[in-house]
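Summary of structural features
Given next are the chains, with one letter for each unit.
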Amino acid sequence: MTLCLAPLTRGQDGTIYPLDAPDEPNAIPLNTGGVENQPASESWFRQWGDPMARNITEATLTPFLPDPEKANGAAVIVTPGGGFRWLSLGNEGWEVAEALNERGIAAFVLKYRLHPTAETLDGFREMMNRGPSRASEDGEDAEPPRRPRMNLDNQLEDAEAAYAMIVDRAEEWGVDTDRIGMIGFSAGAGLTMHCTLNSETMDLAFIGPVYGGMGPVEVPKDAPPMFSAIASDDFLFNGEFGVIKSWYDAGIPVELHMYQNGGHGFGLGNPDRTSNKWFDSFIYWLEVNDFLESK
């Protein structure tokens, strides 16, 4: 799938610029409902050169299907991050989906509902100025933002609806329902973990939380294998390996790639960072664990 986006060059600063909503011709409404106490309409902005959306009240799923000659039947739900208040749909969504397609994997970008932010861009800028949204381009992080606990019922419902749609249309999309995984970034990694720990309808074959929270969790008996990647200079790391130990103690396969640098929000990679190689490692992990072959 090709999105109708004007060329965007990754910026050298975190300035927030207005952006017209891009065309999303293949986005499929999930019909999971709206957002309570949300007076604002969906709007877009550009930061670090990336298109981002906020005040999302209607969840959608956008399929990215590989060339049939490359397709191997594996599928991945891709969940971008943004603190559950915006979505980095370019850096952590569409670009990742296209990279998965190149490896023969069907990808499905979940544009999930968000918690409300200011109606105006100026109001949103003020909110963002009170806390960093991602690492600076030179790898230096500001003070970590506060991360309050949020109700993720809407987001879980959106993810479950996305999974159900993929299963329902698996034959049409060339998906092996035994090899549907989920990968998320930052808040999207948190949603991936939330689904793994709480969903009663999703049967994920594997998960890939990338620069998500690293605290310990109670692992379900049927939890899937996990691939995790984070940089040591990410404010979400802070020397914590709890979630990795939780998976290890539960006897479930887990792989961790902790990189020397990369900061937070590196997506497929920023220049001259060791974290740039995580995607190749993820694909190799899928291959070794037979997720890229029909069983």
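Residues numbered from 1 in each chain as written. Predicted model: local features only at pLDDT ≥ 70, side-chain atom pairs only at ≥ 80, totals over all residues. Heavy atoms only, no water.

Helix length check: helix α5 (residues 187-198), at 12 residues, gives a terminal C-alpha distance of 16 Å against a target of 16 Å (1.5 Å per residue), a fit within 8%. Residues of α5 that are buried: A187, G188, A189, L191, T192, M193, C195 and T196. (Helix = DSSP H or I, 4+ residues; strand = E, 2+ residues; numbered from the N terminus. Expected span 1.5 Å × (residues − 1). Buried < 20%, exposed > 50% of the residue type's maximum accessible area, 1.4 Å probe, protein only.)

On to the pairing of strand β5 (residues 60-64). Extensive coverage of β5 is indicated by the burial of 5 of its 5 residues. Residues T60, T62 and F64 of β5 are buried on one face, and the alternating residues L61 and P63, pointing to the opposite face, are buried as well. Across 2 bridges, the pairing between strand β2 (residues 28-29) and β5 is antiparallel. Counterpart to I28 in the pairing with β5 is L61. Bridge analysis of β5 against strand β8 (residues 106-111) gives 5 bridges, and the strand direction is antiparallel. Looking at β8, one finds that T60 is bridged to K111. (Pairing = 2+ DSSP bridges.)

Residues spaced three or four apart along an α-helix face the same direction, because each turn holds 3.6 residues. In a regular helix each residue adds 1.5 Å, so 13 residues correspond to 18 Å; helix α1 (residues 90-102) covers 17 Å between its end C-alpha atoms and thus fits that length. Counting buried residues in α1 gives 10 out of 13 residues, a clear majority hidden from the surface. Of all the positions in α1, only G90, N91, E92, G93, W94, V96, A97, A99, L100 and N101 are classed as buried.

This part covers unusual backbone geometry. The phi angle at F84 is positive, at roughly 60 degrees, despite the residue not being glycine. Its place among the elements puts F84 in the loop between β6 (75-79) and β7 (86-87). At S186, a residue that is not glycine, the phi angle is positive and equals roughly 55 degrees. Of note, S186 is situated in the loop between β9 (180-185) and α5.

Let us look at the sheet that holds strand β3 (residues 43-47). Pairing is antiparallel in the open sheet, where 4 strands are placed in the order β1-β3-β4-β7. Strands with a single pairing partner mark the edges of an open sheet, and in this sheet they are β1 (17-19) and β7. Judged from the 5 bridges that link them, β3 and strand β4 (residues 50-54) form a sheet pairing that is antiparallel. Bridged to Q47 within β4 is D50. Relative to the sheet, helix α2 (residues 121-129) contacts β1, β3, β4 and β7, its axis offset from that of β1 by approximately 130 degrees. (Contact = heavy atoms within 4.5 Å. Axes fitted to C-alpha atoms, helices over the stretch in contact; angles between N-to-C directions.)

Think of two packed helices as two axes; the pair is described by the angle between the axes and how far apart they sit. Axis separation between helix α3 (residues 153-168) and α5 bottoms out at 10 Å; the angle between their running directions is 80 degrees. When the axes of α3 and α5 are compared, the pair comes out roughly perpendicular. Where α3 approaches α5, its residues Q155, L156 and A159 are matched on the opposing element by L191, H194, C195 and N198. A class-by-class count of the residues in the contact of α3 with α5 yields 4 nonpolar, 3 polar and no charged. (Parallel < 35°, antiparallel > 145°, perpendicular 65-115°, else oblique. Nonpolar A, V, L, I, M, F, W, Y, C, P; charged D, E, K, R; others polar.)

Any two side chains of opposite charge can pair, given that their charged atoms come close. A full pass over the atoms with the stated rule returns 10 salt bridges. A salt bridge links K111 to E42; its shortest N-O distance comes to 2.7 Å. Note that K111 is positioned in strand β8 and E42 in the loop between β2 and β3, a separation of 69 residues in sequence. By relative accessible area, which is 5% here, K111 ends up buried. Judged by relative accessible area, E42 falls into the partly exposed class, the value being 32%. Connected through shared salt-bridge partners, E24, E42 and K111 make up one network. (Salt bridge = Lys/Arg side-chain N within 4 Å of Asp/Glu carboxyl O.)

Geometry only, nothing functional implied.
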